[in-house]
Amino acid sequence: MRAFATLLRREFSAYFLSLTGYVIISAVLLLIGLSFLLMLRAFNNDTLNAPLTEGFYSVMFFWLILLLAGPLITMRLFAQEKATGTFETLMTAPVSDRQVVLAKYTAALGFYVVTWLPLLPCLLVVHRYTSSGAPFEWGPTASTGFGILLIGSVFVSLGCLASALTRSQMIAATVSLAFGVGFFLLSFLKYTVTSQSGWFARAAARLSLIEHMEDFARGVVDTRPVVLYLTLTAFFLFLTLKAVEGRRWR
Amino acid sequence: MALDAPQPSFSPVHRRSLWLNLALSVIGLLAIAVMVNYLAQRHYTRLHWTGDARFNLSPPTLRLLESLTNDVQVTMLFDRGEPVFGAVAGLLKEYEHQSPRIRVRHVDYHRDLAGAELLANRFNLTTADSDLVIFEAGGRHKIVRASELSDYNLSELVAGSRQARRTAFKGEALFSSAIAGLAEARTPKACFLIGHGEHDPASDRALEGYRSFASLLAQKNIVLEPLRLVGGAGVPEDCQLLILAGPQNRIDASEVEAIGRYLQQGGRMLTLLSWLRLRNGPSGLERLLAEWGVALGEGYAFDPPNARAGNDLVITNLTSHPSVKSLQGQSLYLFFPRPVEPGPAANRGGDAPKVTPLFGTAETGVVTGVDADGTPRPNPLRDRRGVIPLAVAAEKGSIAGVIADRGSARLVVVGESLFLAEPAIRSDANLDFANLIVNWLLDRPDHLAGIAPRPINEYRFSLTVAQLNQLRWLLLVLFPGSVLGIGLLVWWRRRQ
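Residues numbered from 1 in each chain as written. Chains lettered and ligands numbered in written order. Predicted model: local features only at pLDDT ≥ 70, side-chain atom pairs only at ≥ 80, totals over all residues. Heavy atoms only, no water.

Undergrad: Can you break down the packing of aromatic side chains residue by residue, with the values?
TA: Taken as a whole and assessed by the stated rule, the structure comprises 27 aromatic pairs over all chains. Measuring from centroid to centroid gives 5.5 Å for Phe-16 of chain A and Phe-111 of chain A, while their planes differ by 70°, and the two rings are edge-to-face. Placement of the pair is Phe-16 of chain A in helix α1 (residues 2–17) and Phe-111 of chain A in helix α6 (residues 97–116), with a sequence separation of 95 residues. Between Phe-78 of chain B and Phe-85 of chain B, the ring centres sit 6.2 Å apart and the planes meet at 50°, which makes this aromatic pair tilted. Pair check on accessibility: Phe-78 of chain B and Phe-85 of chain B agree, each one buried. Of the aromatic side chains, those joined through ring pairs into one cluster are Phe-36, Phe-56, Phe-62, Trp-63, Trp-116, Phe-184 and Phe-188 of chain A. The aromatic ring of Tyr-333 of chain B is capped on one face by Arg-308 of chain B, whose charged end is 4.7 Å from the ring centroid. (Phe/Tyr/Trp six-rings, centres within 6.5 Å; stacked < 30°, edge-to-face > 60°. Helix = DSSP H or I, 4+ residues; strand = E, 2+ residues; numbered from the N terminus. Buried < 20%, exposed > 50% of the residue type's maximum accessible area, 1.4 Å probe, protein only. Lys NZ or Arg CZ within 6 Å of the ring centre and 35° of its normal.)

Undergrad: Break down the domain arrangement of chain B for me, with residues and values.
TA: Each domain of chain B was delimited in the assignment, giving domain 1 (59–169) and domain 2 (187–445). Distance between the C-alpha centres of domain 1 of chain B and domain 2 of chain B: 36 Å. (Domains from an automatic or database assignment.)

Undergrad: How would you sum up the pairing of strand β18 (residues 354–360) of chain B? Please name residues and give values.
TA: Residues and elements named next belong to chain B. Across two bridges, the pairing between strand β15 (residues 317–318) and β18 is antiparallel. For Asn-317, the partnering residue across the bridge sits in β18 and is Gly-360. Note that β18 and strand β22 (residues 389–396) share six bridges and pair antiparallel. Looking at the pairing, Gly-360 lines up with Pro-389 of β22. (Pairing = 2+ DSSP bridges.)

Undergrad: Explain the environment of Ala-137 of chain B to me, and be specific about the residues and the numbers.
TA: By secondary structure assignment, the location of Ala-137 of chain B is in strand β4 (residues 132–137). In this structure the C-alpha to C-alpha distance between Ala-137 of chain B and Val-414 of chain B, which are 277 residues apart in sequence, comes to 39 Å.

Undergrad: Kindly report on the interface of chain B and chain A, identifying the contributing residues and their values.
TA: One frequently used descriptor of interface size is the decrease in accessible area upon assembly of the parts. Contact residues are listed per partner, giving 64 residues for chain B and 66 residues for chain A. Taken over both partners, the interface formed by chain B and chain A buries close to 5,900 Å², and the fraction arising from carbon and sulfur atoms is 63%. Across the chain B-chain A interface, the total number found is four salt bridges. The closest approach of N and O atoms between Lys-93 of chain B and Asp-215 of chain A, which form a salt bridge, is 3.1 Å. At the junction of chain B with chain A, the criterion picks out 14 residue pairs in polar contact (both at pLDDT 80 or more). Contributions of two or more residues to the side of chain B that touches chain A are made by α1 (12–42), β1 (46–48), α3 (85–98), β3 (102–107), β25 (459–461) and α11 (465–495) of chain B. (Contact = heavy atoms within 4.5 Å. Buried area = accessible area lost by both parts, 1.4 Å probe. Salt bridge = Lys/Arg side-chain N within 4 Å of Asp/Glu carboxyl O. Polar contact = N/O pair within 3.5 Å; in protein donor to acceptor, adjacent residues only side chain to side chain.)

Next comes the structure, spelled out in structure tokens:
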């Protein structure tokens, strides 16, 4: 456990000791700010029947952050260590492969959460300017955050796997992004099979990230996507562990 | 072979077995993940983290969805920009999640012109028919339009506002009724007796119109038809409920006879007799009601400790009769009610009608006498005091030798009719009372019990250009810039 904590601290602090971490947070803040401004401009002097946060997921920048943050945060995890040669040093230290994978994943997920934290001050600023009728509710805001965390946990674990498979950060980020975008595009499969019935149409509907986020934004937490995201995360982490273990087989 | 060439750690056979082991463990984990998700799809919960639980389905809707045996295709022909789109889509999604029989699809007539055209041809929609929801099952369909889905506060419009404020969303009541209507084999018919100055079911005039009551019946998939009994016409055979709502003139003897025949054949009747509308005159029904064990009292009841503004009356004394049991603890709001109570012919066993009071005044109730012109003349010595029954339910089983093709006859008599007119029907639990009474009369205890409209929360904001500029600086420059500044500082210090 101590080794895990030490590794976690090392990985997490690495984000804040380089400029990259701040650039990522700054870029996310810019995109969140842009999303809010677009929504405020669109609905200014208008009456909404739903909280402002309910429409947040439908702004393009939201998905841009969700899809880009994972690859950018995780690309260096294993690939950079392999490229600089510190990976072998790490693996010969008295820590298990599982501890290494979990520490790197937890640190990356922790940083992912940190990148989204500025959403709260942004909400409070918007609230401050629109205090006559609060444009959001805490319940749906919390469930939106929960949805962001769940989807992020999948993308981060996917990024861990991509980074563990290569020594090039660029390739890791590209592979991770490609799979992330592919998963996102599955959301649109639902619209092509909407008139059909049967298991395929149902499965397509159940895999829709957009639909899941729509629920979370409305304050509805469905256990089905929760289980889906948790199992996907566990699956990708298992593959990452096997990829890390695989170095010994050569 | 060069000595510095890397040597494999494992033999080819061992390495193959490692890869096989990896492949099997991946397949095994994948299988477990699929099984877990399969189970999660079958046993799931949807938690609502909203303060107003606007997407929670009510128990009657849940019961209805559980009882569905046929597939129902729901098509939303809606523009995404329509104000109620989110509420409609969210609610229908809950229906879909709740029942595998419900399939929902959305056609945006701005984006999918061909789909919208197909629907227009199939359901004979006109160009004015935009933003609606079509429910289809077994070759039948019902349409709910966006204009029906909201209640509005028109006072702001009157006060000069550009648009009326939406106050409540009636989606669940309308959607559930539409589904229930498609699930029902036949639609019950209610006959609304006219020709004696009854309330008008098409009007929303204060204390006259019965539009909300008619809407309630429509929501319950009951077809309401006007009925004239003049000229010896009888009550139609397919009439499941006869409604007599606040006649102002005496009902003719031949008409009373037709009503009597209808009741003898196991008819169901809701009788609302207003003292104020009849100006203390006879309704013509007194004898018939007496035969059915119902006695109409003289004068009107009042109860000063339970009045809000004079001669109105807040009723909290509801009995435990099955029809109104669920209203206990709630109140009704009435005006000048006349006493209605079990008469001498009631509850005598055998074939005698079983008559039960539904509600009455509190112990402080008083029935005062009136002059010939209707002016109340209180007399502390003669006036009746105590609990005054104001409504009764009468039931009578099949009579020997009489074919009661509708089962047992049922009758509800209330000594007031204004309480179900506009806008009083929306006061207290008046609408719920109407709903429950109709359910009892039609023997539909589990039918959708008046699903209340959900209040709409409005989120309004108005930012000036200066405020928008300030926000732009804050959100696009100050926040990201300060984080970037900290990053540059860390980077610079580490370089030092």
